[in-house]
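Read off the chains here:
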Amino acid sequence: MTTAPASRTRPRLRVRTRRVADTGLLGRLPAPTGALAWVRDGSGLVGWGEAARFEVSGPDRFAAADRWWREFTAGLDVADELGVPGSGPVAFVSLAFADRPGRSVLVVPEVVAGVRNGDAWVTTIGTGGSPEVRPVRRPSTVRYSDGQLPVTAYREAVRAAVARMRAGELDKVVLAHDLVAVAEAPLDHRFLLAGLARRYPECWVYAVDGLIGATPELLLRRSGPVVDSRVLAGTTWPHDGVSDDELAATLLSSGKNREEHEYAVRSLAETLRPFCTTMSVDGPSVLRLPNVSHLSSDVIGTLHGSPSLLRLGAAVHPTAAVGGTPRADALAVIEELEGMDRGRYAGPVGWIDGNGDGELGVALRCAQVEGRTARLFAGCGLVAESDPDSEVREAHAKMLPFREALEGR
Ligand SMILES: C=C(O[C@H]1C=CC=C(C(=O)O)[C@@H]1O)C(=O)O
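Residues numbered from 1 in each chain as written. Predicted model: local features only at pLDDT ≥ 70, side-chain atom pairs only at ≥ 80, totals over all residues.

Draft legend 1. Here's a closer look at the overall build of the chain. The helix and strand tally for the chain stands at eight helices and 22 strands. For 409 residues, the compact-globule estimate of 2.2 N^0.38 gives 22 Å, and the chain sits close to it at 20 Å. Residues classed as buried in the chain amount to 50% of the 409 residues present. (Helix = DSSP H or I, 4+ residues; strand = E, 2+ residues; numbered from the N terminus. Rg over C-alpha atoms; globule rule 2.2 N^0.38 Å. Buried ≥ 20, exposed ≤ 12 C-beta atoms within 10 Å, placed from the backbone.)

Draft legend 2. Here's a closer look at the sheet that holds strand β20 (residues 358-362). As summarised here, the arrangement of the nine strands in space is β4-β7-β6-β19-β20-β14-β15-β17-β16, forming an open sheet in which the pairing is antiparallel. Where the open sheet ends on each side, the last strands, each with one partner, are β4 (52-56) and β16 (276-288). Mean inter-strand twist for the sheet, computed between neighbouring axes without regard to direction, equals 10°. Relative to strand β7 (residues 104-108), β4 runs antiparallel, the two being bridged by five bridges. If you follow F54 over to β7, its bridge partner there is L106. (Pairing = 2+ DSSP bridges. Axes fitted to C-alpha atoms, helices over the stretch in contact; angles between N-to-C directions.)

Draft legend 3. Layout of the site of the ligand. Within the structure, the ligand sits among 18 residues, and L232, T235, L364, G379 and G381 are positioned closest to it. Only β11 (172-183), β15 (226-236) and β22 (373-382) provide two or more residues apiece to the shell around the ligand. Its residues assigned to classes, the shell around the ligand comprises nine nonpolar, five polar and four charged. (Near = placed C-beta within 6 Å. Nonpolar A, V, L, I, M, F, W, Y, C, P; charged D, E, K, R; others polar.)

Draft legend 4. Main features of the packing of helix α5 (residues 255-272) against helix α6 (residues 309-316). For the pair α5 and α6, the least separation of the axes is 8 Å and the interaxial angle reads 130°. Considering the angle they form, α5 stands oblique to α6. Considering only the axes of α5 and α6, their crossing is right-handed. Contacts between α5 and α6 pair L268, T271 and L272 from the former with L312, A315 and V316 from the latter. Split by residue class, the contact of α5 with α6 holds five nonpolar, one polar and no charged. (Parallel < 35°, antiparallel > 145°, perpendicular 65-115°, else oblique. Left-handed = near helix turned anticlockwise from the far one by under 90°. Contact = placed C-beta atoms within 7 Å.)

Draft legend 5. View of α6. Buried residues dominate α6, accounting for six of its eight residues. Among the residues making up α6, those that are buried are L309, L310, L312, G313, A314 and V316.

Draft legend 6. Structural context of the UniProt feature "domain: Chorismate-utilising enzyme C-terminal" (unreviewed entry) in the chain. UniProt records the feature "domain: Chorismate-utilising enzyme C-terminal" (unreviewed entry) at residues 153-398, using the numbering of this structure. Across residues 153-398, the secondary structure splits into 34% helix and 37% strand, with the terminal C-alpha atoms separated by 18 Å. (UniProt positions renumbered as here; feature names shortened; annotations may be inferred.)

Draft legend 7. Highlighting unusual backbone geometry. That bond from G283 to P284 is cis: its omega, 0°, falls within 30 degrees of zero. Within the secondary structure layout, P284 lies in strand β16. With a phi angle near 70°, A346 is a residue other than glycine that sits in the positive phi range. Note on placement: A346 falls in the loop between α7 (327-338) and β19 (348-353). Even without glycine at this site, R365 takes up a positive phi of about 50°. Relative to the helices and strands, R365 resides in the loop between β20 and β21 (366-370). Taking the number of C-beta atoms within 10 Å as the measure of exposure, R365 has 29 and is therefore buried.

Draft legend 8. Seen up close, the nonpolar core. In terms of nonpolar packing, the biggest core is built from 123 residues, with A37 and V205 touching the most fellow members. Considering each element in turn, this core owes the most residues, seven residues, to β11. Apart from residues no more than four positions distant in its own chain, V205 is found in contact with A37, V39, R40, L193, L196, A197, Y200 and A214. (Core = buried A, V, L, I, M, F, W, Y, C linked by C-beta atoms within 7 Å.)

Draft legend 9. Region of the structure containing the environment of S306. Inspection of the secondary structure puts S306 in the loop between β17 (293-303) and α6. Residues S306 and V226, spaced 80 residues apart in sequence, show a C-alpha to C-alpha distance of 9.8 Å.

Draft legend 10. Examining the confidence of the model for the chain more closely. Here the chain averages 96 in pLDDT, while 98% of its residues score no lower than 70. In this model, residues 1-8 is a region of pLDDT below 50 whose contacts with residues beyond four sequence positions or in other chains number 14 contacts. Taken together, the chains of this predicted complex give a pTM of 0.96 and an interface ipTM of 0.99. (pLDDT = per-residue confidence, 0-100.)

Draft legend 11. Local environment of helix α3 (residues 189-199). The set of residues buried in α3 consists of H189, R190, L192, L193, G195, L196 and A197. On the buried face of α3, the contacting elements are β2 (36-40), β12 (204-208), β13 (211-215), β21 and α8 (388-407).

Draft legend 12. Examining the environment of F54 more closely. By the element assignment, F54 lies in strand β4. Taking the number of C-beta atoms within 10 Å as the measure of exposure, F54 has 23 and is therefore buried. In sequence terms F54 and R288 are 234 residues apart; their C-alpha atoms lie 36 Å from each other. If sequence neighbours within four positions are ignored, F54 has contacts with A65, W68 and L106.

And the structure:
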């Protein structure tokens, strides 16, 4: 395992990608911990073993990670039968939400299995490793307790933020809270991933260094000259006696939700536009998930030059789907009123390849898992019109995917 900056004087690490039959992705993960994954409806990447790792913190984290990855890939001996995004060398990425404290991580697996557009492949990096395959373990009883920001304190923080927006101090802020779950035995990451994938095929199911979740929001995807994003903001959730169609119609016509959404789309489009020769925004429409429905817009652009995905990520993160408007004011309010360390929740999560292509989601609907413990997160976008009780219910609905996965529902 490499933790130091990559050096070209090391012997060249062998990277071999070969075509294989598609035998599924998540089911191949051999061990209860250390899973690496980015999978949506059967396509994507999984990885295991660790050929190299890079950890960094601070405001420079995107640039430092980008530099490290360029140096690392420059020193590889690559033979790739496919030459598609995600074949060849890959690093799984999970970056901290905030400049501090925050710990960001890139993990280069020893083995990557990929499926994309009818192609399936396996990449070995270095020796490739051959770990013992262990059966998937179901969690025992799970008990919940307060995290760093309990629900009652969250409601008060929302109330305080709304007062500030009504006083004109800022337009939008996203506040989150956490919840701790403890099982009787260490959690098997594969059980959680399988549950999330089964219930949320519309979402990108991910695992990087113990951060596990199923996000419906794509921060950025770069495939050669094309970059796209799926921006979400503005939410409703199932209410007794209200049909899905009625919920969707109410969401689409809600001024409060459209305002929240508009800030998020604008923040992404304005920060991505300088890198693009063309850009279009399509939306909003309604994305329906089992636990919530969101206003959703797709942004697509053509890049000029070839900025890497991490370089683009540095410019657009955090959008107003997880930060707020104006960005700097919102981040200061989050630090003050939320007062907890978000860690990698709401940060970019996904993968990058040797050409600078890849996919970064917004790390939502997730938990940081360590041994028997999972720390779950959920947040809500707030504008002047927001109601604290309703935001608490929304955050509860957003935590359901991970709770269901933990409880094997
Ligand atoms: C911050 C979260 O969701 C964001 C993404 C979609 C909709 C959101 C909302 O309507 O508040 C949030 O902006 C979260 O799930 O923790």
